[in-house]
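Coordinate inspection notes
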Amino acid sequence: MINIAVLGYGTVGSGVVEVIRTNKEQIGRRAGDEIRVKYVLDLREFPGDPVQDVLVHDFDTIAGDPEVDIVVEVMGGFEPAHTFAKRALEAGKSVCTSNKAMVAKFGAELLEIAREKNVNFMFEASCGGGIPIIRALNGSLTADVIDQVAGILNGTTNYMLYRMRVEGSDFGTALKEAQEKGYAEADPTADVDGHDARRKIAILSSIAYGGYMDAEEVYTEGIRDITPEDMLYAEQMGMRIKLLAVSRQMPDGVCAALVAPFLVHAENPLFAVNDVFNAVFVHGNMLGDAMFYGSGAGKLPTASAVVADVIEEAQHLHEHIPCNWGEEKLELQDPQEVDSLFFVRVTGKTREEIEAAFGKGCEFVSCPSLSGETGVITPRMTHREYYAAAEKIGGVISMIRIKD
């Protein structure tokens, strides 16, 4: 019998217990032994819930029990999650988590402790919910040199942009609807300002490129400034607006990384990813292009990914599985030097004035329902060149990058 302890009995924690209870026989067969939830740690009481029989309120009970083989951290946040995960690893227990904030900040440290103690630290559910992208990058794609990762990594913002497109609603209305459906938190900052996607692209890039990408250094914009007018232009151009997290490693090892709204062409597979779904696009030198798609959030999809880590750790008790995440910090390119095509809405300027600022290769876009402004796709230029041109011309209403 393999004993596990679940830290936190919220949405994901209760989902983990439910998945193990519902699929007990199949999970045990795949793990090679019965998986038993010996403890659930939470400050609250749950009268009437069977979990009450295994509920504890002191982490020391778990840390000091040699019968606990695997600790599942689904509390969220930095602390005490980080301290508990570190103590569990140091005590010779494997750990798995869905906590992207903790993984992005402390992943390299926790992986090193796991290696030293000959146990495992796994975090499949930290990126993309139920999509098995971590396992693919760390296992299935190890014969490739991965040079690009891009994706829709936040279900809340993807849902909001989808509703804004189909309903013509503004940001505030879409946010309220997402909150009413339970897709957005009361404080939606991490989602709508891009912090959640930033952490996820940092985790994926660290594994893909074999170093450590500091999430705090990834240039990030959210979706607060996206308007119904932007959606009208996107429709006119046959594109859709998506919050994308993208990274690319260049031949010299320097990485370009960015989280921001992008206009996506219909030929791009990310174009059709709607609602709360997530998708991750990967390019490898042998594989070429591949995309991983699925439910990016939710109680049971996330819990399923966590339990998959539990099973793998159960299969490799006291046997460390190497992870491609290295300790050497990845150098990030200056965001001002990253180039792109830009879609810009400008008011009060002639085409000649716009071309004088942005260059002769401008492509103009008209939107019959909007008067008094001009839409333009700029030639490819760096962000530094774009901002200099925008300041020179003035009258810029908004700017959205265009995905290659």
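Look up a bit, the structure's there.
Anyway, here's the lowdown on the structure attached to this text.

About the thresholds
Residues numbered from 1 in each chain as written. Predicted model: local features only at pLDDT ≥ 70, side-chain atom pairs only at ≥ 80, totals over all residues. Heavy atoms only, no water. Pairing = 2+ DSSP bridges. Helix = DSSP H or I, 4+ residues; strand = E, 2+ residues; numbered from the N terminus. Buried < 20%, exposed > 50% of the residue type's maximum accessible area, 1.4 Å probe, protein only. Right-handed = clockwise from strand over helix to strand, strands pointing away. Contact = heavy atoms within 4.5 Å. Disulfide = S-S within 2.5 Å.

1. Here we look at the sheet that holds strand β3 (residues 55-56)
The parallel open sheet is built from 6 strands, whose spatial order is β3-β2-β1-β4-β5-β6. A strand with exactly one partner marks an edge of an open sheet, and here the two such strands are β3 and β6 (121-122).

2. Focus on the pairing of strand β5 (residues 94-97)
Burial along β5 is two-sided: the face carrying Ser94 and Cys96 and the face carrying Val95 and Thr97 are both buried. Of the strand pairs in this sheet, strand β4 (residues 68-73) and β5 are connected by 4 bridges, and their pairing is parallel. Of the residues in β5, the one forming a bridge with Glu73 is Thr97. Handedness of the β4-helix α4 (residues 81-90)-β5 crossover: right-handed. In terms of strand pairing, β5 meets β6 through 2 bridges, oriented parallel. Opposite Val95, over in β6, you have Phe121 as the bridge partner.

3. A short note on the environment of Met75
Along the chain, the position of Met75 falls in the loop between β4 and α4. Judged by relative accessible area, which is 33%, Met75 ranks as partly exposed. For Met75 and Ala266, which are 191 residues apart along the polypeptide, the C-alpha to C-alpha distance reads 39 Å. Ignoring anything within four residues of it in the chain, the contact list for Met75 reads Leu7, Gly8, Pro80, Ala81 and Phe84.

4. A look at the state of the cysteines
Enumeration according to the criterion identifies 0 disulfides in this entry. Looking at Cys96, it has no disulfide partner, and the nearest cysteine sulfur is the one in Cys323, 14 Å off. Take Cys96: its relative accessible area is 0%, and that puts it in the buried class. A disulfide-free cysteine, Cys362 has its sulfur positioned 18 Å from the sulfur of Cys367, the nearest such atom.

All quantities given are derived from atomic positions and should not be read as evidence of function.
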